[in-house]
Structures are given as structure tokens and as C-alpha cells.
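So you can see what is in the structure, the chains are spelled out below.
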Amino acid sequence: MSLNENKKKLLRNIPKIDKIVLNLKNNYNTKDIPETLMTQASREITEKIRKKITSDSYKHQPPDLKEITNQVFSLIKIKNRPNFKKVINATGVIVHTNLGRSLLAKEAADFVYERATGFSNLELDLATGKRGLRYSLVENLICEISGCESAMAVNNNAAAVLLCLDTFAKGKEVIVSRGELVEIGGSFRIPEVMEKSGALLKEVGTTNRTHLKDYEKACNDEKTAVLMKVHTSNFNITGFTASVSLDELHKLSRKKGVILMEDLGSGTFTDLSLFGLPKEPTVQESVKAGADIVTFSGDKLLGGPQAGIIAGKKELIEKIRQNPLTRALRIDKMTLAALEMTLRLYREPEKAVKKIPTLRMLSASPNELQQQADILKNIILESKFEKLNVSVIKNSSRAGGGSLPETEIPTFCVGVKIENISSIQIEKFMRKNSPPVMGRIENNIFVLDPRTIQEDEYEIIGKAFKNLKEKLG
Ligand SMILES: *Cc1c(COP(=O)(O)O)cnc(C)c1O
């Protein structure tokens, strides 16, 4: 038989899809597996075999029906798991954008479930029976906590900034310090958002120093609509620097009759210096200093859902609500539920720190973390893997989410070394675990920070190391 004929024969011998599916049903528990998934997985496996035969990649015989069915079943198991997976964050980065930013408080998550699975007064004014505003569900709480006159929430802070500029500065000038033209991770650049809104950016000062007189000179009675301050959350300029305070900008904005807007980025209601962290400007302080509009994220230091909150003067918020773009950036009902419940927790600051996971992780003390690290160390040692070298090390966590960029928050971590297995291999194994355990590599040691590990995750990490011993030991 010629080579080509042999190939043709092998190709002909690949079982038909129907036959594989039937074999699956006869030999595996397929009760809960959708028919389409069985067909799809069978197709993928046979297609791979076809390619391998065509390219002569088989050293021996291609797999038989039994082996093919087995491969299909394994593929189905993988495909049947959600794409959106649980991940254990052992990186010590609290607001980790790649890992979903803030965790919701249980109260907020339960409330999302309730409002998502039942009808609600989302846009119904129960007092009049007429159409209501979804924004009214969180407005009173934002006003109460921050001291602003009026408020609303949209999809995220990027949307909030875009919407405000589109409403107040289309075709007009917005004055911003050169030192504040920041790029936030994930390609959000203040100058580009401004351009999209149709506002004309007028940069003043230099990268390291901007003075009040720079703003003053740039103010043009006809053209200037907004003085904007941006919190440069994700980097620090140090050395010979100067910037203009919100108080001073407030005075200037009154003199010139323009709107004073502040993008706080990761807004917070909590004075972080209470936890021994550097002070971040709070929303309350911005409102008090006279900002007409303040925008900030819901899921950074605030510890709520993804949202952009706009707090400000009543007549300005009213104008924003009438902007047709508001409809396109509308906040979803599940987000509103999470936001309302998170805000309610802020009414009692001590409760907020205990119940809002982002604040709880930020405020955890080194003492507490050392104990947790000891617990984690012992759980990992339960794998009885002789090649394992586990130690508790003094280290530092990060706030993340572009907040407190230079701040090393003292913590205690567990460092893992394994004889003949590199830290890169450990990292890869842990990342491919189910659920994935994300740590970091430092000086060739795989490091796990208890600050961001949740209570019920310690045992899962222990099991991951048992798996590692079985597979790589
Ligand atoms: C993070 C951030 C944004 C974007 O906020 P999102 O909620 O991620 O859209 C905008 N401005 C500043 C200063 C930020 O730090």
C-alpha cells in the first residue's frame, strides 16, 4: 500500500461524530451534558486527529474509538466549566484590576441577588406611581456621606469624566495642569477622553510645577468652561514640584465664573491615614473645598461595584442627566443594588471597615497578617512534600487600582521554594490549578500574601500544593 493510500485509509477510519456521541452516552454519565457540546467536542477532537494524520504526525496508530471517546469526554469537562472563573488572589495587591478589582461586601452581594431575581422600583416613583429616576436610588446616600448637593452614578469613572466634559465643555476649553495629564492602566488617558468629549484641552504649567498664575493666565472669558484637577493616583512626582490646591482653584473659578471639576480617580470616603497609610484626598474634602463636580470610581478604594460616581451641584447634575449621552452610559440595576448597599455600610464608618472587603484588607495589621501567614505555612506543609522549603517573610502589599502607588504596606508573606523546581514552574502550576492561585515571584521564591487571601481559601491553597506534589514531586 502506498503512503498516500495508507493515509486515506486512516482518514476513512476516523469514527463518525454520531458514533462517538453514541459511545459517549453508552459509557459515560452524560445526563447533564448538552447534546451540542458533545457534538462540538467530538468535532474538535476528530479534526485534530485528521490534521495529525495529514501531516504524518502519528508515530504509531491514531487513537481508536475508545480512546477518542475518552479524549472527547475530557474536553467536555473543560468546556463545561465557566469561562469566568474564581481566582485566588495571593498577590497582596488589594484592588487588582486583572482580578476583578473590589470584592463586594456580603450585604451588597446578597442585595444584588434579591434585586436581580425579582421586579423592583428601578424607575418607578412609588409615591406618585409615575416614572422615577434610577439615580434617586443612591443619590441621598452619596449626598449624606460626602456632603454634596446632588449626585448620580454611571457605568464607570471613565464614563463619568467623559459625560461631565461632554456636558459642560464641548467646543470649549478645559484647563488642566501638565503634571496631571495621566494615563490610567487599561488605556484610559485623560487627554484622549477629553478629545472624545469634544472639549479642548488647554495644558498649563510644566510636568513638575504648576502655579495659580498659570491657570489664571490661561483662563479666557469666552472660551474657558472648566478648570479641571486630576488626582494623579498612579504615580508620584517628587523633588522640585508645585501644584495648586483645590482651595486656590476654587477661588479662581469663582472669579472667572467657570466650573471647577475634580477627577479623584479612586475616590474614598475613608481617611486612610487612620490605617497608618498615606492620606488620599477624600470625596468629602473635595466637596468642602468647593469642587462643583467630583468624579470617582465605585470599585477602587470605595470597595463597591464598577461604577462612576458624579457628586456635585444640583443644577450641574441636572444638566448632566439631560445629556443624551447619559442614556448610553447608564448604570445597570445590579450595580445600583450593590452600590446602594455598599453606601449604606458607609453610614457607620467602623462597620464599613469590617464589612467592606477592600477596607478590611487595607486595614489588616501586620500582627494579624503574621498569624495568618503562620497558618498558611502550616497548611502548605501538610502536603508532606519533602522538597518543600516554606518560610514566613516580612514583605509588603500594594493598594493597587492606581492608588497609593509608592506605598509599601507592611505584611507577612509565605515564601515557597522547592528543590529542583523553579519559582517560574511553581507560579505556572498554581496559575493552572483549579481554582488558580495567583502569587508573585521575588528573588526566585514563590510568594503568597495572606492580606488578599480570603478566609475560605486557605484549604484550597493547601490542596493545590498537594496536587503539585503529586504532579511534579
Ligand atoms: C481609575 C481612574 C479613572 C478611571 O476609572 P474607571 O472607574 O476605571 O473607569 C479615571 N481617572 C483617574 C484619575 C483614575 O485613577
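Predicted model, so just to flag it, every value in this text is computed and none were measured.

How each quantity is defined
Residues numbered from 1 in each chain as written. Predicted model: local features only at pLDDT ≥ 70, side-chain atom pairs only at ≥ 80, totals over all residues. Heavy atoms only, no water. Buried < 20%, exposed > 50% of the residue type's maximum accessible area, 1.4 Å probe, protein only. Helix = DSSP H or I, 4+ residues; strand = E, 2+ residues; numbered from the N terminus. Pairing = 2+ DSSP bridges. Axes fitted to C-alpha atoms, helices over the stretch in contact; angles between N-to-C directions. Contact = heavy atoms within 4.5 Å.

A. Broad picture of the pairing of strand β13 (residues 308-312). Buried residues dominate β13, accounting for five of its five residues. Burial of the side chains of β13 extends over both faces: G308, I310 and G312 are buried on one face and I309 and A311 on the other. Here strand β5 (residues 150-154) runs beside β13; their pairing, made up of five bridges, is antiparallel. Across the sheet, the residue bridging to M152 is I310, located in β13. Across five bridges, strand β12 (residues 293-297) lies against β13 in antiparallel orientation. Residue S297 lies in a different strand from β13, and its bridge partner there is G308.

B. Just the sheet that holds strand β15 (residues 409-418), in detail. Here five strands make up an open sheet; going across it, the order is β2-β14-β15-β18-β17 and the pairing mixed. Looking at the sheet topology across the chains shown, the edges are occupied by β2 (93-95) and β17 (440-442). Direction aside, the axes of adjacent strands within the sheet are offset by 40° on average. Sitting on the sheet, helix α17 (residues 366-381) is in contact with β14 (388-400), β15 and β18 (445-448), with an inclination near 15° to β15. Against the sheet, helix α19 (residues 458-472) contacts β14, β15 and β18, and its axis sits at roughly 155° relative to β18.

C. Representation of the side chain of T270 in the model. Examined against the element boundaries, T270 turns out to sit in the loop between β11 (259-265) and α11 (283-288). Among residues more than four places away in sequence, those in contact with T270 are F275, T282, Y346 and L359.

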